[in-house]
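Now for the letters of each chain:
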Amino acid sequence: MFELYLLRPDTINALDKPMIKRILPRYVKVVNDQAIAKFQVAKRIKFEIKRNMSIEDLWKAHSNSMKQFYRTIKDVDKGKIKLNGLKKSEFSLLDLKIRLTEEIMKSCELCERKCHVNRLKGKLGNCRVGKDCLISSEHIHLGEEAHISPSHTIFFMGCNFHCQYCQNWSISQWFETGYEISSKELALRIERRRKEGCRNVNYVGASPTPSLLWVLESLKYCNVNVPVIWNSNFYMTLKTMKILDGIVDMYLPDFKYGNDKCALRLSKVPNYFEVVSRNHLLAARQAEVTVRHLILPSHLECCTFPILNWIANNIKEKCIVNLMDQFTPHWRANEYPEINRRITEEEFIKAVNYAKKLNINYIT
Ligand code: SF4
């Protein structure tokens, strides 16, 4: 792992930076094994499942168990309770989340596409992810933000967005087939990568949302302390947000568009801003957040500035914003003349100055 850090020397002291420690304190502690990843606590919240519980009963019980979860994690963080003092229970809050996720998939509304197909029977919705866990790859990633790298990235197949410039288009739009992997095997790989020195497990894609079930199952079998990163386009439903609460240590949302028109045109997704801004608010309440904004060429006025304004007015003190300048016109970008190029230096400077003016905690 030492050699890996030499390839990205900026990662070595990244967790000591005052801004990172101030905005992502718990994440830093979990990386350094000074705090416990949330899923490890969720696994130890006992849940008494009774026969004939309706779905409504299960959701109510989930709500109650989450209260217990928050009480417990507070005590764990204060050192009042040791993790080994909490026995893993036969059926836990994490198992309940798995059960509820299966229920959601029977008429799938994991994301706001709300396709209502029975995924457990292999029916396919907009994302074309079915009943089996398919990944494109999992590996140690050195190209993430300095405080995130080295990161164990798991690239799930399929996506609920159709970004016309997607750099992972072969995964998101099924130009490759991926390979099937069991949740137990995924857990073993997470354990191995953590022992190899990865700072986190980073569930990504395409989008991890259609693959939520396997994310939860992999964590059920995972026996290491590792912060969980949810790296997503943030088009989850409220139900999915409830499931993620108590599991995710740091959200890594892509905030792409400042309005619905650009989202529909470039990612073929409706009602973007309302859904994604709502989920940012929830994410900032549930966990720590590093927002990613990929600056699109010619989209400063319509996307970059409105997004930065929204962040400044809503979650400024609760997130770090990565202003990303690496847009490259992949896939079908040549069909959209204004984005068929890299961004200019002038556009990048304007974006950075705008963030500065709003006192946003940004990195580049
Ligand atoms: S996860 Fe896939 S099938 Fe489910 S609602 Fe979203 S796009 Fe549709």
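Data block above holds the structure.
*Asks:* Looking at this structure, I do not really get the overall build of the protein. What am I missing?
*Replies:* Scanning the protein from terminus to terminus reveals 14 helices and nine strands. For the protein, whose C-alpha radius of gyration is 20 Å, the value lies close to the compact-globule estimate of 21 Å for 364 residues. Overall, the protein is about 60 × 45 × 40 Å in size when its C-alpha atoms are taken along their principal axes. Residues counted as buried form 44% of the 364 residues belonging to the protein. Contacts in the protein between residues at least 24 apart in sequence constitute 75% of all its contacts with a sequence separation of at least 6.

*Asks:* Explanation requested: unusual backbone geometry in the structure shown.
*Replies:* It is generally the case that most residues other than glycine have a negative phi and that most peptide bonds are trans. In this model, Ser-149 is joined to Pro-150 through a cis peptide bond whose omega is -5 degrees. Secondary-structure assignment places Pro-150 in the loop between strand 1 (134–141) and strand 2 (151–156). The residue Asp-33 is not glycine, and still its phi comes out positive at about 60 degrees. Positionally, Asp-33 belongs in the loop between helix 3 (25–31) and helix 4 (38–42). Positioned with a positive phi, Asn-52 is a non-glycine residue whose angle comes to about 65 degrees. Among the structural elements, Asn-52 can be located in the loop between helix 4 and helix 5 (55–78).

*Asks:* Would you take a moment to explain the environment of Leu-281 for this structure?
*Replies:* If you trace the backbone, Leu-281 turns up in helix 12 (residues 272–286). Expressed as a C-alpha distance, the spacing of Leu-281 and Val-215, which sit 66 residues apart in the sequence, is 22 Å.

*Asks:* Just checking my understanding: could you explain the sheet that holds strand 9 (residues 362–363) for this structure?
*Replies:* Strand pairing in a sheet relies on backbone hydrogen bonds, with the paired strands running either antiparallel or parallel. Pairing is mixed in the open sheet, where nine strands are placed in the order 3-1-2-4-5-6-7-8-9. Looking at strand neighbours, the two that pair on one side only are strand 3 (179–180) and strand 9, the edges of this open sheet. Sheet analysis places strand 5 (residues 228–232) next to strand 6 (residues 250–253), joined by four bridges and oriented parallel. Residue pairing for strand 6: Trp-230 is matched across the bridge by Tyr-251. Contacts between helix 12 and the sheet are confined to strand 6, strand 7 (288–294) and strand 8 (319–324), with strand 6 contributing the most and set at about 160 degrees to the helix.

*Asks:* Help me out: how do you make sense of the environment of Glu-109 in this one?
*Replies:* If you trace the backbone, Glu-109 turns up in the loop between helix 6 (93–106) and strand 1. In this structure Glu-109 comes out as partly exposed when scored by C-beta crowding, with 19 C-beta atoms within 10 Å. Those residues in contact with Glu-109 that sit more than four places away from it in its chain are Ile-104, Lys-114, His-116, Thr-237 and Lys-239.

*Asks:* Which parts of the structure should I look at to understand helix 11 (residues 260–267)?
*Replies:* An α-helix turns once per 3.6 residues; consequently, residues spaced three or four apart project the same way. Of the residues making up helix 11, those classed as buried are Ala-263, Leu-266 and Ser-267. Down the axis of helix 11, the buried set is contained in an arc of 90 degrees. They therefore lie on one face. Facing away from the buried side of helix 11 by over 90 degrees, the exposed positions are Lys-261 and Arg-265. Residues of helix 11 that are buried in the fold lie against helix 12. Just beyond helix 11, the residue with positive phi is Lys-268, at close to 60 degrees.

Cut-offs applied
Residues numbered from 1 in each chain as written. Predicted model: local features only at pLDDT ≥ 70, side-chain atom pairs only at ≥ 80, totals over all residues. Helix = DSSP H or I, 4+ residues; strand = E, 2+ residues; numbered from the N terminus. Rg over C-alpha atoms; globule rule 2.2 N^0.38 Å. Buried ≥ 20, exposed ≤ 12 C-beta atoms within 10 Å, placed from the backbone. Contact = placed C-beta atoms within 7 Å. Pairing = 2+ DSSP bridges. Axes fitted to C-alpha atoms, helices over the stretch in contact; angles between N-to-C directions. Arc of directions from axis to C-beta.

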